[in-house]
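Architecture at a glance
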Amino acid sequence: MKKGAKLLTAIIVLGAVYTGTSWYVGKEAQATIEQMVQRANDRLTAALGVNVPENGVKVAISEYKRHVFSSDVVYTLQMQDSQGAPVEYLLSDHLQHGPFPLGALQSGHFAPLMALSRAQMIPSVATQKWFDSLQGQSPVVATTRVTFSGEGNSVWQLKPLDVKEGGDSLKFSGGVINATLSNNFQDSVVKGTFEALEYASARSGDSVQIHGIVLGSTTNVAGEPSTVKSSSQAVAEQFTLASADSVPVQLSKVAINLDSQQRNNQLEGALQYSLGGIRLGEADFGSLTAGFKGSNLDVQALTDLVVTYDRIKALHNLGPDDELELTPDEAAQLRNKLWAVLDSQPTVSIDPFIWKNGQGESTLKLAVNLARPAGSDASEAALLLPQVIKRLELNLAIAKPMFIQTFSQFQGVPGGNGNAAMMGAMVFDMYAARLGRAGLAVQAEDKLSTAIRYENDSVEVNGKAMSVPEFLQRAISAVM
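Residues numbered from 1 in each chain as written. Predicted model: local features only at pLDDT ≥ 70, side-chain atom pairs only at ≥ 80, totals over all residues. Heavy atoms only, no water.

This brings us to the overall build of the chain. Along the backbone of the chain there are 9 helices and 23 strands. In the chain, which comprises 480 residues, the proportion classed as buried is 31%. Long-range contacts, defined here as pairs at least 24 residues apart, represent 51% of the contacts in the chain between residues at least 6 apart. In the structure as shown, the chain presents an accessible area of about 27500 Å², 59% of it carried by carbon and sulfur atoms. (Helix = DSSP H or I, 4+ residues; strand = E, 2+ residues; numbered from the N terminus. Buried < 20%, exposed > 50% of the residue type's maximum accessible area, 1.4 Å probe, protein only. Contact = heavy atoms within 4.5 Å. Areas by Shrake-Rupley, 256 points an atom, 1.4 Å probe, with all protein chains shown as cover.)

Written as structure tokens, this is what we have:
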């Protein structure tokens, strides 16, 4: 056989082999994508509960057209707006199959890939105005590389938004989101940066400005049954809220952190807010750190309680000012759901809570252990409510100079003056004396503090034991 014929035969064979390989890789890519979508929905279900209505948050593949060398996919993110109406976001994805996608080779990436994805948002009712502001261009485009080893990298570009309607305006600077996947696509690291988000209403005079936005999250899955650990952060350099009938609120160095660990239905979580600076008009209220923690939380039981309450509330068709009056059967349903939540003996706490200003700091710590009362049933719930608290510990400390400055500022005196400071000192001393006489607080130098512990139907205040009725009587006498 001539060399030319042999070469042609080799090319044909290689082409046939690559075609078959690409078709097979495309099939595997589809299976992987379907698994990832199912996994995303499973995590949503684990976080929100299996009884979340079908029109809740959900990711879906609404269309999948697989060809030999590429596939075209349409994803749908389904959720609800504040009024409960369905909202859809659509993403169109052109997927080039491996092992050597043409687009990857053209960009200088020569390592084998399962797929190269180039996706973009397509118009929907929820996003049409964004498209209109960009003269029809897609506001979101993404490029994703997926390897055969269960890893991937994705870069999302969000374009600016500038919309005005009916006296309201919304501006978004756009930004970039980077995501890295590993551990068979189960683990992820995501970071997004955005310069600014601004909203203003000419009709009401209200406005919100957020600058220097950084969003991040990490997720790790390990063990069998799997334990899912996640950490999310949201940071803003400056947050300003202005209103026509009140002084502007300015927050600087704003940070929100949420850490959680979930195994089956058991959830532990910690949420922390940090405000590096707080200003109301010209008044400087210092900084604030507040942490909230929960452990032994049964996600399914908690979701059942919320869903049951929402269902009962919807049946009553209440107006905005109406109060919910439960029937005996409805009250029994909610109490039974509450007992199911308490069966896991959850613990909730505030730790830390630290408020600082130029004159000092005040702190608070609160830990509450909850449990289902022994031998209780739904009909006894009202009588047994105090027994729901298995243990409670409270530690509070208030600095007098800090209180005086804050009191003066709330009186409309930014830097304080003699009269405002004198009034603040009088208020502090009056209540410190009342609480001291009642044995509920102690004052050392310029700080008022108390340590309260409740357990086994007994209260201990600053080391002194007393019954619950005695504690309540002392508390009432101190504040009346």
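Back to the write-up after that little detour.
Turning next to the packing of aromatic side chains. Inspection of every chain in the model, using the stated rule, returns 6 aromatic pairs. Ring centres of Phe 172 and Phe 194 lie 5.7 Å apart, and the angle between their planes is 45°; this geometry places the pair in the tilted category. Taken together, the positions of Phe 172 in strand E8 (residues 168-172) and Phe 194 in strand E10 (residues 187-201) put the pair 22 residues apart, joining distant regions of the chain. Summarising the burial analysis for this pair, Phe 172 and Phe 194 share the class buried. Pairing Phe 403 with Phe 428 gives two aromatic rings, centres 5.6 Å apart and planes at 55°, and the pair type is tilted. Placement of Phe 403 in helix H7 (residues 400-410) and of Phe 428 in helix H8 (residues 418-437) is noted, with a sequence separation of 25 residues between them. Residue classification places Phe 403 among the partly exposed residues on the basis of a relative accessible area of 27%. (Phe/Tyr/Trp six-rings, centres within 6.5 Å; stacked < 30°, edge-to-face > 60°.)

The terminal C-alpha atoms of helix H5 (residues 328-342), which comprises 15 residues, lie 21 Å apart, in line with the 21 Å expected from a rise of 1.5 Å per residue. Listed as buried for H5 are Glu 330, Ala 331, Leu 334, Trp 339, Val 341 and Leu 342. (Expected span 1.5 Å × (residues − 1).)

In this section: a nonpolar patch on the surface. Taken together, the side chains of Trp 23, Tyr 24, Val 68 and Phe 69 make up a nonpolar region of the molecular surface, amounting to roughly 400 Å² of accessible area. In this structure, Phe 69 sits in the loop between strand E1 (58-66) and strand E2 (70-80). (Patch = residues over 30% accessible without salt bridge, like charges linked within 9 Å, V, L, I, M, F, W, Y side chains within 5 Å. Salt bridge = Lys/Arg side-chain N within 4 Å of Asp/Glu carboxyl O.)

What follows deals with unusual backbone geometry. With an omega of 0°, the peptide bond between Asp 351 and Pro 352 qualifies as cis. The residue Pro 352 is located in strand E17 (residues 347-357) in this model. In this structure, Asn 264 takes a positive phi of about 55° despite not being glycine. The class of Asn 264 is exposed, set by a relative accessible area of 53%. Residues other than glycine seldom take positive phi values, yet Gln 345 does so here, at roughly 50°. In this structure, Gln 345 sits in the loop between H5 and E17. What makes Gln 345 partly exposed here is its relative accessible area of 40%.

So, on to the nonpolar core. Within the largest apolar cluster, 33 residues are counted, with the highest numbers of intra-cluster contacts made by Ile 33, Tyr 75, Leu 95, Met 121, Trp 130 and Phe 172. Among the elements that make up this core, the one with the highest residue count is helix H1 (residues 3-48) (4 residues). In this structure Ile 33 touches Ile 61, Tyr 64, Tyr 75 and Leu 95, once residues within four positions along its chain are discounted. In terms of nonpolar packing, the next biggest core, distinct from the first, is built from 9 residues, Leu 440, Val 459, Val 461 and Phe 471 among them. (Core = buried A, V, L, I, M, F, W, Y, C linked by side-chain atoms within 4.5 Å.)

To continue, consider the pairing of E8. Where strand E7 (residues 161-165) meets E8, 5 bridges bridge the pair, whose relative direction is antiparallel. Along E8, the bridge assignment pairs Lys 164 with Ser 169. Connecting E7 to the next strand, E8, in antiparallel fashion are 2 residues, including Gly 166 with a positive phi near 55°. Sheet analysis places E8 next to E10, joined by 5 bridges and oriented antiparallel. Across the sheet, Lys 171 pairs through a bridge with Glu 198, a residue of E10. (Pairing = 2+ DSSP bridges.)

So, about the confidence of the model for the chain. Per-residue pLDDT for the chain averages 85, and the proportion of residues at 70 or more is 88%. Element-level pLDDT for the chain is lowest in helix H6 (residues 381-384), with a mean of 50, against a maximum mean of 95 in strand E18 (residues 360-370). pLDDT under 50 marks residues 50-55. Its contacts with residues more than four places away, or in other chains, come to 8 contacts. (pLDDT = per-residue confidence, 0-100.)

As judged from the 15 bridges shared by strand E11 (residues 207-222) and strand E12 (residues 227-243), these two strands associate in the antiparallel manner. The residue of E12 that forms the bridge with His 211 is Gln 238. Hairpin connection, E12 to strand E13 (residues 246-263): the antiparallel pair is bridged by 2 residues.

It is worth spelling out a negative patch on the surface at this point. A cluster of acidic residues, Asp 321, Asp 322, Glu 323 and Glu 325, forms a negative patch at the surface. Here Glu 325 shows up in the loop between helix H4 (299-316) and H5. A residue is classified by how much of its surface remains accessible, and Glu 325, at 65% relative accessible area, is exposed. (Lys, Arg positive; Asp, Glu negative; His and termini not counted. Charge placed at Lys NZ, Arg CZ, Asp CG, Glu CD.)

Let's shift gears to the pattern of salt bridges. Inspection of the entire model under this criterion finds 12 salt bridges. With a shortest N-O distance of 3.9 Å, Lys 356 and Glu 361 are connected by a salt bridge. Among the charged side chains, a network of salt bridges with common partners joins Arg 391, Glu 393 and Glu 455.

With that out of the way, let us pick up the environment of Ala 290. Structurally, the position occupied by Ala 290 is in strand E16 (residues 287-298). Under the relative-accessibility criterion, Ala 290 is labelled buried at 5%. In the structure, Ala 290 is positioned 63 residues away from Phe 353 in sequence and 4.3 Å away in space, judged by C-alpha atoms.

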